[in-house]
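Here is how the chains run, residue by residue.
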Amino acid sequence: MDILVLGGGGQVGTELQAYAWPESVQVYAPDRASLDITDETAVARIVAERDWAAVINTAAYTAVDKAESDVAAAWRLNALAPAILSATTNSKKIPLVHVSTDYVFDGSSSGSYETDAPIGPTSVYGASKAAGEMAVRTANPRHAIVRTAWVVSPHRGNFVKTMLRLAGERDQLSVVDDQHGCPTSAADLAAGLARIALRLAEDADAPTGTFHYVNAGVTTWHGFAEGIVAGNARRGGRTIPVKGIPTSAYPTPARRPVNSELSTKSLTVAYGLTPRPWQEALDDILDRLVGPAH
């Protein structure tokens, strides 16, 4: 069984390649230099190369603030590419698993977002990802759109690695405390995507549609930073104070959702997946980045 992974150089793509797939599964993850997924001819060529059991698309333009001025590039990768992928995979009857984001919501909800909640993106990034979702829904019926949020890992640039670096350089951290969400381990998300892809590949009646995958529990960026600093301290790092600040004190080009809490109920019902608490996932990441706790 062959699985095609797109975006293999990112956090989730890296973890998908490291995932303990069944021995019968071969994963192929071409890099950006060898495959431009905004090129319809190139996508058609690779899809025709093998009898793919499933395609997992983790590729995205994720520079949220840069997207505000780099609009065309964000829409090419986040909207045009999914349109090409979904149409091409559907022509070969290949299921498509597509990763999306909490940014499709406006963040004004007072509770957790269910998968059928109305979307209302407030940034170029969010709007382009919402368009990508629509392309997948309309072009390939055998799809699973998996929204996630606050993804972290030992790879690439992310919030955990930034906080660890700053904790080693500064005597105090100032972190936004009025945005709420669910930290998500790229490794946990990859495992969930793999389970979904395998089910779609093996079962013609596997659930399709939109799902959410985030680790369990809600916090703020400030609370997340406190957890990172405390976890680092248990591994011999410095203990420094983390000060909470309002979003207004840290202006950015793109507006962030105030509430990014995603409900994973539909994922549990459809696929039997119940994500573990973000604190446990964070400990695993810190073990890999820093070492075991003392």
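Quick caveat, the model's predicted, so the values are computed rather than measured.

(A) Structural context of the packing of aromatic side chains. All told, the structure shown has 10 aromatic pairs when counted by the stated rule. Between the aromatic rings of Tyr19 and Trp21, the centroid separation amounts to 5.3 Å while the plane-to-plane angle is 90°, which identifies the pairing as edge-to-face. Residue class for Tyr19 comes out partly exposed when judged on its relative accessible area of 26%. On the basis of an interplanar angle of 15° and a centroid distance of 3.7 Å, the ring pair of Trp150 and Trp221 is categorised as stacked. With Trp150 in the loop between β5 (143–148) and β6 (151–152) and Trp221 in helix α7 (residues 221–233), this pair connects stretches of sequence that are 71 residues apart. Residue classification places Trp221 among the buried positions, given a relative accessible area of 18%. Counting every residue linked through ring pairs, the aromatic cluster contains Trp150, Phe159, Trp221, Phe224 and Trp278.

(B) Region of the structure containing the pairing of β5. The buried fraction of β5 amounts to six of the six residues, a majority that puts the element mostly inside the structure. The alternating pattern of β5 places His143, Ile145 and Arg147 on one face and Ala144, Val146 and Thr148 on the opposite face, and all of these are buried. The pairing of strand β4 (residues 96–101) with β5 spans six bridges and is parallel. Pairing of Val97 across the sheet is with Ala144, part of β5. Handedness of the β4-helix α4 (residues 124–139)-β5 crossover: right-handed. Where β5 lies against strand β10 (residues 209–212), four bridges are found, and the strand directions are parallel. Opposite Ala144, over in β10, you have Gly209 as the bridge partner.

(C) Inspection of the packing of α7 against helix α9 (residues 278–289) at higher detail. Where α7 meets α9, the closest approach of the two axes is 10 Å, and the angle between their N-to-C directions is 45°. In terms of axis orientation, α7 runs oblique to α9. Helix-helix and strand crossings are classified by hand; for α7 and α9 the assignment is right-handed. Contacts between α7 and α9 involve Gly223, Phe224, Gly227, Ile228, Gly231 and Asn232 from the former and Trp278, Leu282 and Leu286 from the latter.

(D) Region of the structure containing the side chain of Thr148. With respect to the helices and strands, the residue Thr148 is situated in strand β5. Owing to a relative accessible area of 5%, Thr148 belongs among the buried residues under this scheme. Separated by 2.8 Å, the side chain of Thr148 and the backbone oxygen of Tyr213 make a polar contact. Setting aside residues up to four positions removed in sequence, Thr148 forms contacts with Val99, Ser100, Thr101, Asp102, Thr184, Leu189, Tyr213, Val214 and Leu262.

(E) Spotlight on the nonpolar core. Judged by nonpolar contacts, the single largest core of 30 residues is most densely connected at Phe159, Val160, Met163, Leu173, Val175, Phe224 and Ile228. Element by element, the count of residues in this core is highest for helix α5 (residues 159–169), at six residues. Not counting residues up to four positions away in its chain, the partners in contact with Leu173 are Met163, Leu166, Ala167, Val229, Ile240, Pro241, Val242 and Lys243.

Quick notes on the rules
Residues numbered from 1 in each chain as written. Predicted model: local features only at pLDDT ≥ 70, side-chain atom pairs only at ≥ 80, totals over all residues. Heavy atoms only, no water. Phe/Tyr/Trp six-rings, centres within 6.5 Å; stacked < 30°, edge-to-face > 60°. Buried < 20%, exposed > 50% of the residue type's maximum accessible area, 1.4 Å probe, protein only. Helix = DSSP H or I, 4+ residues; strand = E, 2+ residues; numbered from the N terminus. Pairing = 2+ DSSP bridges. Right-handed = clockwise from strand over helix to strand, strands pointing away. Axes fitted to C-alpha atoms, helices over the stretch in contact; angles between N-to-C directions. Parallel < 35°, antiparallel > 145°, perpendicular 65-115°, else oblique. Left-handed = near helix turned anticlockwise from the far one by under 90°. Contact = heavy atoms within 4.5 Å. Polar contact = N/O pair within 3.5 Å; in protein donor to acceptor, adjacent residues only side chain to side chain. Core = buried A, V, L, I, M, F, W, Y, C linked by side-chain atoms within 4.5 Å.

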